[in-house]
Amino acid sequence: MGIQAWVLRRAEPEPAAAAESAQPGVARPASARVQIGETDRDASVVQPGVAELDWSGLEARVAACRLCSLHATRTRTVFGSGARDADWMIIGEGPGAEEDRQGEPFVGPAGHLLNNMLRALDLTREAVYIANIVKCRPPGNRDPQPEEAAACRAYLERQIALVRPRLILAVGRVAAQNLLETTVPVGKLRGRVHRYGAAQRPLIVTYHPAYLLRSPEHKAQAWEDLQLARGALEGHP
């Protein structure tokens, strides 16, 4: 899976309903509202004091977390990795088996492809910050349940507040729908600049690297999303 896979070619028609959108809708926990086909939102788990934690305190809180049932089956929590003052923050869905074993997000084949995607933008993995909607692996790599995403929401929001990224890249359906509080499929969310939170940070949606490994025909569209993200960061979306 070399970098040549990311040479821009003429975009193919966007799939009407990408395979990523075939699963049921996920939690839409509390954050800034985005007007994209919203329904009633689910409440996040209230976690007093999380908004005041520094990096070490936040990581310790996550490591000891037992707010949802995922703690019972995890090997370790997967907090996040990368530059803690990064311009780019990449948010995925949740740890898989290898992430659960190593305690690091996006390792294995999907992580390798993500590295190639970043390299195509002249970025390294160390130059961005990578996190997930949930910090523990869902059994069998299933999608996070609404209550699981809600339990982790305060942790993710604190990470965003600490990093203060100039741009958020949501990879995959679970990340996009949770962050944007919507059930709209990824294929309809990508291709535009959304805004996230009180700071109105630009947020771009693209396909998850694991999905691209299964459906390489959508790599050209993912490359378009990355270019859109770079343009949004430069102020010229």
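Shown above is the structure to which this text applies.
Summary of the structure given here. (Residues numbered from 1 in each chain as written. Predicted model: local features only at pLDDT ≥ 70, side-chain atom pairs only at ≥ 80, totals over all residues. Heavy atoms only, no water.)

Moving on to empty space enclosed by the protein. Scanning the entire structure with this criterion turns up 1 cavity of 30 Å³ or more. Each pocket or cavity is described by its volume, and for the largest cavity that value is around 80 Å³. Cys65, Cys68, Arg74, Cys136 and Cys152 are the residues nearest the centre of the largest cavity, which is lined by 14 residues in total. Among the elements that make up the lining of the largest cavity, the one with the highest residue count is helix 4 (residues 146-163) (3 residues). Of the residues in the lining of the largest cavity, the class split is 9 nonpolar, 2 polar and 3 charged. (1 Å grid on protein atoms, 1.4 Å probe; cavity = no way out; pocket = protein on both sides within 12 Å on 5 of 7 lines; lining within 4 Å. Points joined across faces, edges and corners; volume = space filled by probe spheres on them. Helix = DSSP H or I, 4+ residues; strand = E, 2+ residues; numbered from the N terminus. Nonpolar A, V, L, I, M, F, W, Y, C, P; charged D, E, K, R; others polar.)

Moving on, we come to the packing of aromatic side chains. Applying the stated criterion to the full structure yields 3 aromatic pairs. Summarising the aromatic geometry, the rings of tryptophan 55 and phenylalanine 79 are spaced 6.0 Å apart at their centres and angled 80° between planes, so their arrangement reads as edge-to-face. Of this pair, tryptophan 55 sits in helix 1 (residues 55-63) while phenylalanine 79 is found in the loop between helix 1 and strand 1 (81-82), placing the two residues 24 residues apart along the sequence. Note on phenylalanine 79: relative accessible area 4%, which makes it buried. On the numbers, 5.2 Å between centres and 40° between planes, the contact of tyrosine 207 with tyrosine 211 is tilted. Members of the aromatic cluster, connected to one another through ring pairs, are Trp55, Phe79 and Tyr129. A cation over a ring is seen here: lysine 135 above phenylalanine 79, with NZ or CZ 6.0 Å from the ring centre. (Phe/Tyr/Trp six-rings, centres within 6.5 Å; stacked < 30°, edge-to-face > 60°. Buried < 20%, exposed > 50% of the residue type's maximum accessible area, 1.4 Å probe, protein only. Lys NZ or Arg CZ within 6 Å of the ring centre and 35° of its normal.)

Let's shift gears to helix 1. Among the residues of helix 1, those classed as buried are Trp55, Leu58 and Val62. All buried residues of helix 1 lie within an arc of 65° about the axis, which places them on one face of the element. Contacts made by the buried residues of helix 1 are with strand 3 (129-132) and helix 4. (Arc of directions from axis to C-beta. Contact = heavy atoms within 4.5 Å.)

Right, let's talk about the side chain of serine 81 for a bit. Mapped onto the elements of the fold, serine 81 is located in strand 1. Look at serine 81 and you get buried, because its relative accessible area is 16%. For serine 81, the contacting residues outside a window of four places in its chain are Glu104, Pro105, Arg125, Val128, Tyr129 and Ile130.

Another aspect to go through is the pattern of salt bridges. A full pass over the atoms with the stated rule returns 9 salt bridges. A salt bridge links arginine 166 to aspartate 87, with the nearest nitrogen and oxygen atoms 3.6 Å apart. Pair noted here: arginine 166 is in the loop between helix 4 and strand 4 (167-171) and aspartate 87 is in the loop between strand 1 and strand 2 (88-92), with a separation of 79 residues, a long-range link. Residue aspartate 87 is classed as partly exposed on the basis of its relative accessible area of 34%. Arginine 190 serves as the salt-bridge partner of aspartate 225, at 3.0 Å between the closest nitrogen and oxygen. Pair noted here: aspartate 225 is in helix 8 (residues 219-233) and arginine 190 is in the loop between helix 6 (186-189) and strand 5 (194-196), with a separation of 35 residues, a long-range link. (Salt bridge = Lys/Arg side-chain N within 4 Å of Asp/Glu carboxyl O.)

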